[in-house]
Every structure is written in structure tokens, then in C-alpha cells.
There are 2 protein chains.
Amino acid sequence: MESGDRQEVFARERQQHIALSVEEHGRVRVTDLAERFAVSEVTIRKDLRVLETEGRVVRAHGGALAPSRSRAERAFEVRERLQRAEKERIGAAAAALVADGESIALDASTTALAMARHLKTRGGWVHLTVITNGLRIASELAGHRGITVALPGGFVRWEAMSVVGPLGGGLLEKVNIQKAFMGAAGFTLETGLSDATEEEAQLKRLIVAASSEVVALVDHTKWGRTAFATFCPTDRLTAVVTDEEAPAGMANALRQRRITVHVASGLEKTPSQSSRRSADSTALDMPS
Amino acid sequence: MESGDRQEVFARERQQHIALSVEEHGRVRVTDLAERFAVSEVTIRKDLRVLETEGRVVRAHGGALAPSRSRAERAFEVRERLQRAEKERIGAAAAALVADGESIALDASTTALAMARHLKTRGGWVHLTVITNGLRIASELAGHRGITVALPGGFVRWEAMSVVGPLGGGLLEKVNIQKAFMGAAGFTLETGLSDATEEEAQLKRLIVAASSEVVALVDHTKWGRTAFATFCPTDRLTAVVTDEEAPAGMANALRQRRITVHVASGLEKTPSQSSRRSADSTALDMPS
DNA sequence: CAACGAGATTGAAAGCAATCGGAACCTGTG
DNA sequence: CACAGGTTCCGATTGCTTTCAATCTCGTTG
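Quick caveat, the model's predicted, so the values are computed rather than measured. (Residues numbered from 1 in each chain as written. Chains lettered and ligands numbered in written order. Predicted model: local features only at pLDDT ≥ 70, side-chain atom pairs only at ≥ 80, totals over all residues. Heavy atoms only, no water.)

## Considering the packing of helix α1 (residues 11-25) of chain B against helix α2 (residues 30-37) of chain B
All names here are of chain B.
- Contact geometry for α1 and α2: axes closest at 12 Å, N-to-C directions at 135°. One element, α1, and the other, α2, form an angle in the oblique class. Crossing geometry of α1 relative to α2 is assigned as right-handed. The residues of α2 that touch α1, namely those facing Arg-14, His-17, Ile-18 and Ser-21, are Leu-33, Arg-36 and Phe-37. (Axes fitted to C-alpha atoms, helices over the stretch in contact; angles between N-to-C directions. Helix = DSSP H or I, 4+ residues; strand = E, 2+ residues; numbered from the N terminus. Parallel < 35°, antiparallel > 145°, perpendicular 65-115°, else oblique. Left-handed = near helix turned anticlockwise from the far one by under 90°. Contact = heavy atoms within 4.5 Å.)

Here it is in C-alpha cells:
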């Protein structure tokens, strides 16, 4: 950019070339690109980071690869990777709150997916009914002994692999749900649980309305944030499952409102014998 | 691939190859992989550990195995393999019958899944609406430019990864469908299209009722067989897409009833320029 | 028109993290 | 118990992130 004989090459322009190169060859290396465009490797890495957030390449140590899967799968997997460890723990703790014979609802969040995997692993169900608007969750749980899966009807939102829309009402108005386990994009005391899109929020409101109890599944990054559309006020919540880094002040405020706060710590390792009674080990007491 | 002139391969890339290898062969051995990628066995074991945490392989002494798929996935895959080549061709021919701007319905059959894959590949859609009760199809088509996917509500039948049940009515009573593409377990002139379970047939009847035209997707093994529940009488059919081995007599009888019979031969290869008019190349004339 | 500041782009440098394989040591399997 | 196979720890190397400052563009202001 500074001087010399090179022609002007805008950053954006260079990124396009990199993207094309990845498309063509399937893989590129940082060192090669730096040489080819006569810029530093730092700059190339910045370009790759931009392209990665756009979903056009997948970064790897030393370079980048062409994204293999379809757009929907990619978008979903990116979200799934974020705070994976926390979601895993939250999912395990939430799964422990479910008793055989219940009817529960799960939304289409990645945290609920983690929970579904734990329900699946636990096994031994005689009659568990799961209502979900998440295609991934439905696929995951289908065919497991003792688990019945129901989906509301509607349009498929590929960003979340979820079913939304006014058409979905039919099922949700007819069923009774004991506990709804809901992820969210934001969670504050004042606004409750909120999500990024109105259509997703609409369907979640229906789920909430059909449920006796509502359990929020929110890792610490969701606390204190507000997303576009609220679908569940704080007072409607029965319990909140979160991780250790959630702000203590807000957690205490929730307890004062008689909302149980389950903190899923990374320590508890009871994969097999965690019956539904013993597993909420860290509930109700949070250090500091 | 094997050795010698090995180019720099990113760790992530190598892991992808290992995962593919496991998927394909069902099992891999550490020593083989170490030789193939010209890295130490320690490194391969680290790769396998990563892939295991991602759930893509299951480690074992000496190597790794493909993760045992769920009952639902196994059942589905078995059906998918049967007459795969025929289903592939039928799917391609059927996809050629779809025009941009239409609303179509697909059932949860594996033949419809093959068709969906062709719709996806074809691309260039501006506004195609697909109503399906197949979870696999919905997942496959979601997120593709110009394609809107809708699902009826209901319970998930794991055997077919389909949505069934009386609750699903809501959506299907409100929408208009131009063409319904329906697989079947049996097809005769007298009984029409039939399926093995009543609940699946119930939902298909709703789809048929909501559609202007009905196109049957039936490979030759379905002809002349009758399954438990009929969901569409022969006279309701607009067209039938099948393969070359379908009985000529029955095909002619269909044509006499003014039902178009498309025979998907293995020869035609018109992936790009097959507009909706030209694509029924083998329709209406069946040799021998 | 010069001066100024906000914003974008770039890369040098320093510190951090991932990758890899060797070696010592542990473990599952026959 | 023998031993192939696995784990853990370590250091070397390479690549990555962050910080910070230099440079350039562009719009605004005096």
C-alpha cells in the first residue's frame, strides 16, 4: 500500500482473491499468500479472520481450508462451538432435572441440543415426551426407547435449524408441558429471556404459555444482555441453569424472587449414576 | 497420499481425512494412519482424541471405529441403500418437473430425499416452497437460497424420520400445493399408492388433498405390490416417475388413463440446461 | 487551501498457543 | 506376565494474537 511498483490492491480485493484461491485449491497457506500479495503474514491472518466470519473459509494452523458443509450446517456448528464446555455442563445439569414420565419442551438452541444429548445418553426412559422446535434435537432424540418426540408445524429457519411461524400453533395449543427448557440470546432481570428474532420469540412464547414450569438455560455470556424480542418475563421462570461465571449479584436477586439457580460446575463427573435426585448438587449455593 | 513427497498438511485437514476414512471403512488403525500421513503414532492418537470429543469416531485399542449410529439412522440408511441407483435417477427426473415459483410437497421417502438433493444441486431458485414431512429432507434443503421449507406439526416417527399425526393438520389445511411428489411402499392400478402404516398414510392423504397434481415416485420394486394403507387412488395421479424395469403393461394402462409416465433411464445426463420443458425427455415413450 | 481528526490499513515486536515427536512410563489384552 | 498399544511430559518449532505506532484516506473546519 505504501509505495513501490505494485499496483494498488485494496484489502477487500485481496480477500476476494484469497477466497477464490481457497475455492479453487481447497486450501491455502499463510506464508504462500503473504509472498504472493507481498504483504506481511499478520495482514494475511487478518484477511483470513474476516473471511472466516463471513463463512467463506475455515481457518487452520498455518492457513485455511474450504468450508465443506452446507451453509446451514456451518452456521449451526459455529454457534455450537461457542462456550461448548459451558453448554455441555449446563446441558448435563438440566437433564438431571427431568424425571421419567414427564412432558418437556426444548427450544432450538445449541444448549438445549447439549441437554438432549444427555437425555439420550442417560437412557432408561419409560415414557418421556419431548416437544421441540429444533430439527437437530428432533433428529437426535428420535428412535430412542421410551422417548416420544413432537414438532410444531411451521417454516424452517435455517440459521437455527428451527421451526417457526404462526402455523405452528396447532400442536402447542393442544398439549400440556410440565417443564420448558429454553435457551436465549439475552437474559436480564428487567426484560427476562429474549431472542434475536421475533418469529423465534413468537414460537417460544407459545411454548412458555403451554408449560407449567420454565427453566432457562443460559451461559454467563447471556447474562445482562438484551436481544431483540422478549419471550419470557423473569417472574415466569421456575429455575435458571447457568455456569460458574455468571454474575453473583444477579443470581442472588433471582433467588430472592424464589427462582432456583443451578450452577453447573466443571467438577462434578457423574455420568452414569446421576439419578434425577442427586444431580442438582450445586444448586442453591453459589460461593462468594 | 501415502508417503514420500508429502506436502504440508494442516492438522485439521488430516483429521478430516481420518474422519472420512472412518466413515467409509468403519474402522482405522493407528499404525496405518501414521504411515499414510507420515506422522508419528502419537500425533495420530492426538487426532483421534480430538475426533472422539467431537463424536465423529469412537476410539479403541489400536485404532478407532465409526460411532454406532442410533437406531433411527441405521434404519434409514438401510432403506436408503435399496435401489439407490434407481432412486437417484427417479429423483433427478422428478426434480426436472419442478419450476421456479412453485409450491411443492415431498413426503418422507428416501426417493423424495434423492429428489431433494437434485433440487438443491440445481440451484438458481428465486422462490421455491417445499412442504415436507421428512426431517431429513427439511434439514437437507434448509438454508439454500430461494428455497423455503415448511413442516407440518406432529409426532416424529423414527423409522422414517417423518412427522405424522393428527396434530399436523393445521399447516396442510392452510396451504396450496401445486405438485405433490410422493413415494410409496406399494403401487397398483386398483389400490393406487399405499404405505405400510396408517399414520403415515393419514398425513399423506392430507398432502394429496391439498395438492393440484400428484406425482408418484415409485421404482419398479413397488409396482404390483399393495401395502397396508392406501393414501392416493390411481385416478388422482397426474404423473408417475419410475425406472426402466417397470412393467410395460401397467405403464401403458396408466397412459390410457391419461397419466404421464416418466421413465428415468440411466443414460440422460442433462444437469445444467434441463429446463422444465425439455427434461421429460423419456416421458411418454417407453421402449419394448 | 492548509490543518485537523476520525477511521482504516498495515506490520514490527513481544508473548502466547498449537503442533509434533521422542522418551519414560502406564495399561489393556491375550 | 509379555508386549503392543496408550498416556503423559517435555522441548523445539512454528504459527498465532495482541499491542502499538506509522501511514494513508477522507471529510470537516478555520
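Having seen it, we continue.
## Points about the protein's contact with DNA strand C
- Lining the immediate environment of DNA strand C, one finds 16 residues, of which Arg-14 and Thr-43 of chain A together with Arg-14, Thr-43 and Lys-46 of chain B sit closest.
- Here DNA strand C approaches the protein such that, of its atoms within 4 Å, sugar and phosphate make up 69%.
- At 2.9 Å, a backbone N or O of Ser-40 of chain B approaches a phosphate oxygen of DNA strand C.
- Within the contact set of DNA strand C, a phosphate oxygen lies 2.3 Å away from a side-chain nitrogen or oxygen of Thr-43 of chain B.
- Of all elements in the fold, only α1 (11-25) and α3 (41-53) of chain A together with α1 and α3 (41-53) of chain B reach the threshold of two or more residues within the surface near DNA strand C.
- Tallied by class, the residues present in the surface near DNA strand C amount to 6 nonpolar, 6 polar and 4 charged. (Near = heavy atom within 4 Å. Polar contact = N/O pair within 3.5 Å; in protein donor to acceptor, adjacent residues only side chain to side chain. Nonpolar A, V, L, I, M, F, W, Y, C, P; charged D, E, K, R; others polar.)

## Things to note about the protein's contact with DNA strand D
- Around DNA strand D, a shell composed of 16 residues is seen, among which Arg-45, Arg-59 and Gly-62 of chain A together with Arg-45 and Gly-62 of chain B lie nearest.
- Considering the 4 Å shell around the protein, atoms of DNA strand D inside it are sugar or phosphate in 88% of instances.
- Here a phosphate oxygen of DNA strand D sits 3.2 Å away from a polar atom, N or O, in the main chain of Ala-60 of chain A.
- Within the backbone of Gly-62 of chain A, a nitrogen or oxygen atom sits 2.5 Å from a phosphate oxygen of DNA strand D.

## Points about the interface of chain A and chain B
- Each partner contributes residues to the interface: chain A has 36 residues there, and chain B has 33 residues.
- Buried area between chain A and chain B, summed over both chains or domains, comes out near 2800 Å², and the portion from carbon and sulfur atoms is 63%.
- The closest approach of N and O atoms between Glu-13 of chain B and Arg-27 of chain A, which form a salt bridge, is 2.7 Å.
- Counting every contact that joins chain A to chain B gives 6 residue pairs in polar contact (both at pLDDT 80 or more).
- Among the elements that take part in the side of chain A that touches chain B, strand β6 (residues 147-151) of chain A stands out by supplying 4 residues, more than any other.
- The residue inventory of the side of chain A that touches chain B, partitioned by class, reads 19 nonpolar, 10 polar and 7 charged.
- Across 2 bridges, strand β7 (residues 154-157) of chain A lies against strand β6 (residues 147-151) of chain B in antiparallel orientation. Note that in β6 of chain B the partner of Phe-155 of chain A across the bridge is Ala-150 of chain B. (Buried area = accessible area lost by both parts, 1.4 Å probe. Salt bridge = Lys/Arg side-chain N within 4 Å of Asp/Glu carboxyl O. Pairing = 2+ DSSP bridges.)

## A short note on unusual backbone geometry
- Phi is positive for Met-161 of chain A, which is not a glycine, with a value near 50°.
- Turning to its location among the elements, Met-161 of chain A is positioned in the loop between β7 and β8 (162-164).
- For Ala-38 of chain B, which is not glycine, the phi torsion reads 55° and is therefore positive.
- With respect to the helices and strands, Ala-38 of chain B occurs in the loop between α2 and α3.
- We classify Ala-38 of chain B as partly exposed; its relative accessible area is 38%. (Buried < 20%, exposed > 50% of the residue type's maximum accessible area, 1.4 Å probe, protein only.)

## Here we look at the pairing of strand β9 (residues 177-182) of chain B
Residues and elements named next belong to chain B.
- Counting buried positions over the 6 residues of β9 gives 5, a clear majority of the element.
- Examined bridge by bridge, strand β4 (residues 103-106) and β9 share 3 bridges and lie parallel to one another. By the bridge assignment for β9, Ile-104 is matched with Lys-179.

## Some details on the pattern of salt bridges
- Across all of its chains, the model carries 34 salt bridges over all chains by this definition.
- Put simply, Lys-179 of chain A and Glu-102 of chain A hold a salt bridge, and the shortest N to O gap is 3.1 Å. Taken together, the residues span a long stretch of sequence, with Lys-179 of chain A in strand β9 (residues 177-182) and Glu-102 of chain A in the loop between α5 (84-95) and β4 (103-106) at a distance of 77 residues.
- The exposure class assigned to Lys-179 of chain A is buried, which follows from its relative accessible area of 13%.
- Given a relative accessible area of 12%, Glu-102 of chain A falls into the buried group.
- One salt bridge connects Lys-204 of chain B with Asp-195 of chain B, and the closest N-O pair in it is separated by 2.8 Å.

From the geometry alone we can't say anything about function, so treat these as descriptive.
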